[in-house]
Every structure is written in C-alpha cells, then in structure tokens.
Amino acid sequence: MQVSYLADLVTLADPSSKFSYLNFLRSHNRLIQFGVHEQGYITRSEYNRYCRWVCGQLTNLLFGFTVESVDYNRELEIFIVSCYDKSTDSRQIIRTRKLVVGIGSQPCLPCNTRQFLNEKVLHAADYMYRRGEIIQSKK
Ligand SMILES: Cc1cc2nc3c(=O)[nH]c(=O)nc-3n(C[C@H](O)[C@H](O)[C@H](O)COP(=O)(O)OP(=O)(O)OC[C@H]3O[C@@H](n4cnc5c(N)ncnc54)[C@H](O)[C@@H]3O)c2cc1C
C-alpha cells in the first residue's frame, strides 16, 4: 500500500477502535512479529484480509447492491435510499438521517490516448473488470 498502516479504516479517527489494523494483527497473533520487523507498509493482499476481517464483524453492511435512487423526505428529515441486487433480483429500501456518498471518481482518459486502448492497454479503472482475461493472456 502507498500509505502507512496507520491510515487503516479507523485509527486516524479513533485510535482506540477495536477495528484497527494493529488489533487485527493482535487477534491473529502477529502483532509482535509486525512490531519487531518495523514494517511501515503492508501489502494489498494483507489490507484486503484486514478489510474482510472488519467487514465480517459488522452486521449492517450490504454488498452487491446498486443504489438506484436517493430521495429526501423533508417532513421526516430522512434520506430514502433504494437499492437493487441484480443477482438475486431483490430490492432494499433504507431510511437514514445521515448519508455518506463514496461512488469513486470518473476515470480520466485524455482523448488523444483513447486510440491506443486495446485488449492489452487499458485504464487501471478497468483492471478488476478485465482481470480474468489479463491473467489468461499471460499464459
Ligand atoms: C491502481 C490504484 C492504486 C491505488 N493505491 C492506493 C494506495 O496504495 N493507497 C491509497 O490510499 N489509495 C490508493 N489508491 C486510491 C484509492 O483506491 C482511492 O482513493 C479510493 O479507493 C477512493 O475511494 P472511494 O470510496 O471514493 O471510491 P472507490 O474505491 O472507487 O469505491 C466506489 C465504489 O462505489 C461503487 N458504486 C458506484 N456507484 C454505485 C451505485 N450506484 N450503487 C452502489 N455502488 C456504487 C463502485 O462500484 C465502487 O465499488 C489507488 C488507486 C488506484 C486506481
């Protein structure tokens, strides 16, 4: 990762949170090993394991849903978020007073580079969508 483990999901906001990366290490008996080696940075696969460990302890997360609409009810002062899961054809309506929007950024692709895009040259934003074919192409 390009940032320190201290910029994990919680530490900079609340160093005493049980969801810190250091607590993840402690719960897997790896804290001493990590501390002695004085590593400031962790790998992406390690960060992935840490995030899964946190997610596994939270019961209020929904994955795989697309947010289709967000409405605001002025009378009740709440947001009404409508979500859809294509894989199960199910819908969820979530009512909430607070809403944080994190939909990522639009990939920036200067127009004079578009002509060079092909099956081997792609924007990093497409990596996860095309990971399978990239791995296949190495064989
Ligand atoms: C190759 C690469 C390496 C990077 N390395 C690092 C690093 O080492 N350290 C670091 O700190 N940062 C790194 N970054 C930057 C970091 O990934 C981004 O700053 C961060 O992911 C932005 O978070 P985000 O939540 O705004 O967006 P994202 O991580 O893009 O997440 C947005 C999510 O919203 C979902 N979404 C969009 N619309 C909807 C909808 N209607 N309904 C439901 N879901 C929706 C998308 O599918 C996506 O999963 C890297 C970025 C790239 C591309």
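Use the structure listed above.
Summarised in this report is the structure supplied together with it.

Rules behind the numbers
- Residues numbered from 1 in each chain as written.
- Predicted model: local features only at pLDDT ≥ 70, side-chain atom pairs only at ≥ 80, totals over all residues.
- Heavy atoms only, no water.
- Near = heavy atom within 4 Å.
- Polar contact = N/O pair within 3.5 Å; in protein donor to acceptor, adjacent residues only side chain to side chain.
- Areas by Shrake-Rupley, 256 points an atom, 1.4 Å probe, with all protein chains shown as cover.
- Nonpolar A, V, L, I, M, F, W, Y, C, P; charged D, E, K, R; others polar.
- Buried < 20%, exposed > 50% of the residue type's maximum accessible area, 1.4 Å probe, protein only.
- Helix = DSSP H or I, 4+ residues; strand = E, 2+ residues; numbered from the N terminus.
- Pairing = 2+ DSSP bridges.
- Axes fitted to C-alpha atoms, helices over the stretch in contact; angles between N-to-C directions.
- Phe/Tyr/Trp six-rings, centres within 6.5 Å; stacked < 30°, edge-to-face > 60°.

**A look at the site of the ligand**
Close to the ligand lie M1, Q2, V3, R44, F65, T66, V67, G102, I103 and G104, which account for all nearby residues. A distance of 2.7 Å separates an oxygen atom of the ligand from a polar atom in the backbone of Q2. At 3.4 Å from an oxygen atom of the ligand is found a main-chain nitrogen or oxygen belonging to G104. Surface burial for the ligand is 38%, taken as the share of its 990 Å² of free accessible area covered by protein chains. Residue classes in the shell around the ligand are distributed as five nonpolar, four polar and one charged.

**Digging into the pairing of strand β2 (residues 78-85)**
For β2, a buried count of six out of eight residues is recorded, marking the element as mostly surrounded by other parts of the structure. Sheet analysis places strand β1 (residues 66-73) next to β2, joined by seven bridges and oriented antiparallel. Bridged to Y72 within β2 is F79. Hairpin connection between β1 and β2: a loop of four residues separates the two successive antiparallel strands, and E77 in this loop has a positive phi of roughly 55°. As defined by bridge partners, β2 adjoins strand β3 (residues 90-96) across seven bridges and the pair is classed as antiparallel. Paired with V81 across the two strands is I94, which belongs to β3.

**Quick notes on the sheet that holds β1**
Here three strands make up an open sheet; going across it, the order is β1-β2-β3 and the pairing antiparallel. Looking along the sheet, the strands with just one partner apiece sit at the ends: β1 and β3. On average, each strand axis in the sheet is tilted by 20° relative to the strand beside it, whichever way the strands run.

**Topic: unusual backbone geometry**
The residue N29 is not glycine, and still its phi comes out positive at about 55°. In this structure, N29 sits in the loop between α1 (21-27) and α2 (31-37). Here N29 falls in the exposed class, since its relative accessible area comes to 74%. A positive phi is found at E77, a non-glycine position, where the angle reads about 55°. Secondary-structure assignment places E77 in the loop between β1 and β2.

**Brief notes about the packing of aromatic side chains**
The tally for this structure, following the rule as stated, stands at 10 aromatic pairs. When the ring of Y21 is compared with that of Y50, the centres are 5.6 Å apart and the planes differ by 90°; the resulting orientation is edge-to-face. Linking Y21 in helix α1 with Y50 in helix α3 (residues 44-55), this pair joins segments that are 29 residues apart in sequence. This pair shows no difference in class: Y21 is buried, exactly as Y50 is. Centroid distance F24 to Y50: 5.8 Å. Interplanar angle 70°. Geometry classified as edge-to-face. One end of the pair, F24, is in helix α1; the other, Y50, is in helix α3, and 26 residues separate them in sequence. Neither F24 nor Y50 differs from the other in exposure class; each is buried.

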